[in-house]
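Topology and contacts: notes
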Amino acid sequence: MDKYLYTCDYCAKTYVPKRRYKQRFCSNSCRVNSHKRKNRLSPAKPDVGLKAPSDKPHKEGISMAGIGNAAIANVVTEVGKSIFIKEENKPATKGDLQNLASRITERYILIKNMDVRADGAPAYFDTTLKEIVHLKFLPPWK
Ligand SMILES: [Zn+2]
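Residues numbered from 1 in each chain as written. Predicted model: local features only at pLDDT ≥ 70, side-chain atom pairs only at ≥ 80, totals over all residues. Heavy atoms only, no water.

Let's talk about the nonpolar core
Counting 6 residues, the largest nonpolar core is built from Tyr 6, Cys 8, Tyr 15, Phe 25, Cys 26 and Cys 30. With residues near it in sequence (within four places) discarded, Cys 8 still touches Lys 13, Tyr 15, Arg 24, Phe 25, Cys 26 and Cys 30. (Core = buried A, V, L, I, M, F, W, Y, C linked by side-chain atoms within 4.5 Å. Buried < 20%, exposed > 50% of the residue type's maximum accessible area, 1.4 Å probe, protein only. Contact = heavy atoms within 4.5 Å.)

Observations regarding the coordination of the zinc ion
Protein-derived ligands of the zinc ion are Cys 8 (SG), Cys 11 (SG), Cys 26 (SG) and Cys 30 (SG), with the metal-ligand distances lying across 2.3 Å. Taken together, the 4 donor atoms coordinating the zinc ion and their angles of 104 to 115 degrees define a geometry best described as tetrahedral. Coordination of the zinc ion draws on donor residues from a single chain, spaced C-x2-C-x14-C-x3-C in sequence. Linking Cys 8 in the loop between β1 (6-7) and β2 (14-15) with Cys 26 in the loop between β2 and α1 (28-41), this pair joins segments that are 18 residues apart in sequence. The two residues Cys 8 and Cys 26 agree in class, both being buried. (Donors = N, O, S within 2.8 Å, 3.2 Å for Na, K, Ca; no water. Tetrahedral: all angles 85-135°; square planar, octahedral: opposite > 155°, others 65-115°. Helix = DSSP H or I, 4+ residues; strand = E, 2+ residues; numbered from the N terminus.)

A short note on the side chain of His 134
Along the chain, the position of His 134 falls in strand β5 (residues 131-134). Within the local environment of His 134, its side chain forms a polar contact with the backbone oxygen of Ala 121, the two atoms lying 3.0 Å apart. (Polar contact = N/O pair within 3.5 Å; in protein donor to acceptor, adjacent residues only side chain to side chain.)

Description of the pairing of β5
Bridge analysis of strand β4 (residues 123-126) against β5 gives 4 bridges, and the strand direction is antiparallel. Looking at β5, one finds that Tyr 124 is bridged to Val 133. Here β4 hands over to β5 after 4 residues, with Lys 130 in that stretch at a positive phi of 55 degrees. (Pairing = 2+ DSSP bridges.)

As for unusual backbone geometry
Of note in the backbone geometry, Ala 12 takes a positive phi value of approximately 65 degrees without being a glycine. Secondary-structure assignment places Ala 12 in the loop between β1 and β2. The exposure class assigned to Ala 12 is exposed, which follows from its relative accessible area of 53%. Of note, Lys 130 is a non-glycine position whose phi angle comes to about 55 degrees, a positive value. One can find Lys 130 in the loop between β4 and β5.

Points about the sheet that holds β5
With antiparallel pairing, the 3 strands of this open sheet are ordered in space as β3-β4-β5. Each of the sheet's edge strands pairs with one partner strand only, and the pair in question is β3 (108-110) and β5. Between one strand axis and the next, the sheet turns by 35 degrees as a mean value, whatever way the strands run. Strand direction decides the pairing type here: β3 and β4, joined by 3 bridges, are antiparallel. (Axes fitted to C-alpha atoms, helices over the stretch in contact; angles between N-to-C directions.)

A look at a positive patch on the surface
A cluster of like positive charges, contributed by Lys 36, Arg 37, Lys 38 and Arg 40, occupies part of the molecular surface. Here Arg 40 shows up in helix α1. (Patch = residues over 30% accessible without salt bridge, like charges linked within 9 Å, V, L, I, M, F, W, Y side chains within 5 Å. Areas by Shrake-Rupley, 256 points an atom, 1.4 Å probe, with all protein chains shown as cover. Salt bridge = Lys/Arg side-chain N within 4 Å of Asp/Glu carboxyl O. Lys, Arg positive; Asp, Glu negative; His and termini not counted. Charge placed at Lys NZ, Arg CZ, Asp CG, Glu CD.)

Notes on the layout of surface pockets
Here the idea is plain: a probe the size of a water molecule rolls over the atoms and shows the empty space left. Quantified by volume, the largest pocket comes out at close to 250 Å³. What lines the largest pocket is Lys 18, Arg 19, Lys 22, Gln 23, Arg 24, Phe 25, Cys 26, Ser 27, Asn 28 and Arg 31. Of the residues belonging to the lining of the largest pocket, the class tally is 2 nonpolar, 3 polar and 5 charged. (1 Å grid on protein atoms, 1.4 Å probe; cavity = no way out; pocket = protein on both sides within 12 Å on 5 of 7 lines; lining within 4 Å. Points joined across faces, edges and corners; volume = space filled by probe spheres on them. Nonpolar A, V, L, I, M, F, W, Y, C, P; charged D, E, K, R; others polar.)

Shape is all these values report; function is a separate question.
Okay, here's the thing in structure tokens:
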């Protein structure tokens, strides 16, 4: 008695095949449905005239400084929100700004034994991204 079990390619049910090796589906209807589905998924109609515009080559590599500056902008925005929203209408004091600055400068550690970039931006270790970044401006509050 042959108890060999196949798994239906369509409904994933296990079944005892009537024709071993050749059978892939538990029933005729699964076989038919599978073919229908296949045809639906890959319609063989050539799309003439509606060609998608060819992708322009992506810009390679955002500059490190760009990332760094954007990151700073994010930090400033986030920290700024927490300062300015909690205490409504109260103008930021110098202390607030220094607090903000120190939170940013804590994030970036100047790497002394690394050459500055061609444009003069020194290298920093970004403790949040865990990456070396070149920043043209680090908050001058240091
Ligand atoms: Zn089936």
